[in-house]
Amino acid sequence: MRPNDLITIEQHFLEMQRQYPQATGDFTNLLYDIALAAKVIAREVNRAGLVDILGLTGQENVQGEQVQKLDVFANEAMIRMNEFTGRVCGMASEEEEDIIGADDRGKYVLIFDPLDGSSNIDYDVSIGTIFAIHKRRSHSGACVVEDFLQPGRALEAAGYILYGSSTMMVYSTGRGVYGFTLDPSVGEFLLSHPNIRSPLPQYYSVNHAYLSRWSRGVQEYVGWLQGEGKDAPKLSERYIGSMVADFHRNLLGGGVFMYPGDTERPLGKLRLLYEVAPLGFLAEQAGGYASTGLRNVLDIQPTYLHQRVPVFIGDRSLVIKAEQFIQQHDTGGSDDDPC
Ligand code: P6P
């Protein structure tokens, strides 16, 4: 890439805004704010491993600053960077039970999982921040929970920041998926993955520890993914245990991630608003699909902030195959859906 081809994420935001002549700049500025919060969190994530080495007690560091747990830090950063900007009337964090009021003038609501997979940080495994933006539905005053309980289909934007071997921000406003890699030497996210489209599948991702608890349909489906049956694909199994990292590999390398429901957790573990709908939005924008096993996750009308749903997400043909196995073995043809 020649130097004059370097495009920062801010330049990209402005380019996207130019496609909307009536835009006020609020949406663009909200995306800026998220990118800035991402840089602040990335700096802290990359230092986390040094907490013990640098004499940081984990409670109070040598500068007398409070060293917070990373997910608390990330949550605070997302809230502080967005609560007084006037862009959002409220926020919903996966770490908070209820919605967080912000500026009543805000036209948008921001939903986020500040640090998904944070239990992996102690093992230096990649983790991520997931975000989603809706236009508020209420007309004025303080935001209400209905502003957040909107189907993924209505999202204005969604994305994630992956804190891995490099820090990447991936987002979509409904006009394709774009990936930016942080150049820490200049502190800028630079366009590295324009208009991402997922390739033919190479991988499947699932935690096999729960196999005995899955339905017959899911067990048959995973067996098929492993090569059982005449039309079985030839895939490699990859599972990191950090949804953003697993999703990102399948987005770029092709594949399917799943977290099915089971006998102990019929609706699975992952949250619709904070994880499944935003990543489902991205998957569809990249030519993929996200399903509960019975229907498109983007069509679910949420009823509760922390609602959980089973999820099969990534390569469209592999997700549709999951629906077929479940339809054949689990539903007996009925379409009643617990979600
Ligand atoms: P399990 C991380 O805790 C998380 O919420 C997701 O990021 C990840 O995909 C999933 O849980 C892993 O769950 O049960 O396989 O350890």
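Just above sits the structure.
Here the residue numbers are simple positions, counted from 1 along each chain's written sequence. Given that the model is predicted, a residue must reach a pLDDT of at least 70 before its local features are reported, and side-chain atom pairs must reach 80 or more before they are shown or counted; all residues, however, enter totals for whole chains, interfaces and linings. Excluded from the side-chain calculation are hydrogens and water; included are all heavy atoms of the structure.

**Q** Sorry if this is basic, but what is going on with the packing of aromatic side chains here?
**A** Given two aromatic rings, their pairing is described by the distance between the two centres and the angle made by the two planes. We call Phe, Tyr and Trp rings a pair once their centres come within 6.5 Å, taking the six-membered ring for Trp, and we label the pair stacked below 30 degrees between planes, edge-to-face above 60, and tilted otherwise. Here the structure, examined in full by the defined rule, presents 11 aromatic pairs. Between Y160 and F247 the ring centres are 5.8 Å apart and the planes differ by 90°, which places this aromatic pair in the edge-to-face class. Of this pair, Y160 sits in strand 5 (residues 157-163) while F247 sits in helix 5 (residues 243-253), placing them 87 residues apart in sequence. The pair Y160 / F247 is uniform in exposure class, with both members buried. Clustering of aromatic rings is evident, with ring pairs tying together F13, Y32, Y171 and F180. Runs of H or I in DSSP of at least four residues are treated as helices and runs of E of at least two as strands, each being numbered from the N terminus. The buried label applies to any residue whose accessible area, calculated with a 1.4 Å probe on protein chains only, is under 20% of its type's maximum; exposed applies above 50%, and partly exposed to all values in between.

**Q** What should I look at first to understand unusual backbone geometry in this one?
**A** In terms of backbone geometry, most residues other than glycine have negative phi values and most peptide bonds are trans. Positive phi outside glycine occurs at D124, with the angle close to 60°. With respect to the element layout, D124 can be found in the loop between strand 3 (108-116) and strand 4 (127-135). With a relative accessible area of 72%, D124 lands in the exposed category. A positive phi angle, near 50°, is found at N195, a position not held by glycine. Assessed through its relative accessible area of 42%, N195 is described here as partly exposed.

**Q** What is the right way to look at the environment of V309 in this model?
**A** Position of V309 relative to the elements: it lies in the loop between strand 12 (289-291) and strand 13 (311-314). For V309, a relative accessible area of 0% gives the class buried. Linking V309 and C339, residues 30 residues apart in sequence, is a C-alpha distance of 6.3 Å. Note on definitions: a residue-residue contact is assigned when non-hydrogen atoms from the two residues lie within 4.5 Å. Not counting residues within four places of it along the chain, the set of residues in contact with V309 comprises L267, L270, L272, V276, T292, I300 and C339.

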